[in-house]
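Results of the structural survey
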Amino acid sequence: MRSNISDDQRALTIDDANLPVVDLGGLFADDAAEKAKVAAALGDAARTSGFFYITNHGIPQAQIDALFAASKEFHEKPRRFKMKYWSGFTTHHRGYVPYEENGADFPKSINFNEAWDMSYEAPEDHPDYLAGWRMTGPNIWPDIQGWRETVSGYYDAAFNLGLRLLDALALELGVDSEELTRHITYPTSQLRLLRYIENDLPATKELVGIAAHSDFECFTILLTGSPGLQVMNAEDVWIEAPPIPGCFVVNIGDIFETWSGGQFKSTQHRVTNIGTERYSMPLFFGLDYHTVVEPLEKFRTPETLEKYPPMKAGEHLMRMSVNAFRYMADARAKGDLVLDFEVPEENPFKREAKGA
Ligand SMILES: O=C(O)CCC(=O)C(=O)O
Ligand SMILES: [Fe+2]
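Remember, it's a predicted structure, so these values are computed and weren't measured experimentally.

The next subject is the side chain of Arg195. One can find Arg195 in strand β6 (residues 191-196). Of the polar contacts made by the side chain of Arg195, one reaches the backbone oxygen of His75; its length is 3.0 Å. Contacts of Arg195, omitting those with residues within four sequence positions, involve His75, Glu76, Lys82, Phe112, Asn113, Glu114, Glu277, Arg278 and Tyr279.

With that settled, the discussion passes to the UniProt feature "domain: Fe2OG dioxygenase" (unreviewed entry) in the protein. Sites flagged by UniProt as "domain: Fe2OG dioxygenase" (unreviewed entry) map to residues 187-287. Taken end to end, residues 187-287 is 6% helix and 43% strand, and its two terminal C-alpha atoms sit 4 Å from one another.

Before going further, it helps to spend a moment on the site of ligand 1. Neighbouring residues of ligand 1: 14 residues in total, closest Tyr196, His213, His269, Arg278 and Ser280. Within the contact set of ligand 1, an oxygen atom lies 2.6 Å away from a side-chain nitrogen or oxygen of Ser280. Here ligand 1 loses 97% of its free accessible area of 300 Å² to cover by the protein chains. Listed by contribution, the elements that provide at least two residues to the shell around ligand 1 are β6, β7 (207-213), β8 (219-224), β12 (269-272) and β13 (278-285). By residue number, the principal contributor to the shell around ligand 1 is β13, which donates 4 residues. Looking at side-chain class alone, the shell around ligand 1 contains 8 nonpolar, 4 polar and 2 charged residues.

About the criteria used
- Residues numbered from 1 in each chain as written.
- Chains lettered and ligands numbered in written order.
- Predicted model: local features only at pLDDT ≥ 70, side-chain atom pairs only at ≥ 80, totals over all residues.
- Heavy atoms only, no water.
- Helix = DSSP H or I, 4+ residues; strand = E, 2+ residues; numbered from the N terminus.
- Polar contact = N/O pair within 3.5 Å; in protein donor to acceptor, adjacent residues only side chain to side chain.
- Contact = heavy atoms within 4.5 Å.
- UniProt positions renumbered as here; feature names shortened; annotations may be inferred.
- Near = heavy atom within 4 Å.
- Areas by Shrake-Rupley, 256 points an atom, 1.4 Å probe, with all protein chains shown as cover.
- Nonpolar A, V, L, I, M, F, W, Y, C, P; charged D, E, K, R; others polar.

Given below as structure tokens:
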């Protein structure tokens, strides 16, 4: 880790803080008691820290290695190749996102990451694709031999793992999983192939890998290739979450916090500017664009209903994306992208760290 790091970018190390590791093995056995045990461990982790590692997840290491290799192969191409697939050429956010797109304050504030973004494949005649700006539609692919198969194969595997996790979390919350899965037909579940860019600038609040945020969907299944990720725990203290071989990091997102009336925590996290190249791949497990998200019936109280007013899953993603990506903000300023809902400057799910 670099030495020129400002105090607000420091975190406790994994040795000082306890990060749960949940063994998912029991989800794949046909045994209700085993499944319930895993569900209880996931629920415990989701309630206490909101993020955790999972092991025995069933995705072969060879598939993970192939995804890292595919991401590297794309990102090592020259800028002129990558820009052929600029996400700003689409109205549903697919393709390449250069680092200058990140955040409203570039270059005063720099998020040193670039990405390839894809999502659930929806047909060309899907009404939300035709309407535009709804994060729904067909993927685009770079002209690299075998790349589509590798990336979409990984997407399907991680997406299916997400369905298992959803099922287990529903079990833990005591809700029928069908109540949750009925909102998944053409979900806005993005996979990002992120590369953090080598640079020799310091690590400060303005110079980051990715600024502190929570994820906007149900939960995120994240692969990381090297350290840099920091997560805010239940006590609102930053701790480092380095990769553990064979594990994914999972964090709860804004939708599950809402569904559970705040029992599950949507975890703030960030990547500091480590200065070296770093690869990571989050899959944001989301819902159909038009799904209205509010506390599930059993978690409705006057307090939870007040704290979590109904929001459409896709609108929440769009309002956060307009703030995140400059091409979207530009399209909005030009009147090409018209939103009939509010775009707050900050995510209402944001929590501040202690002492920050
Ligand atoms: O790169 C990482 O480890 C985290 C990425 C992340 O938080 C995000 O893309 O939302
Ligand atoms: Fe994130």
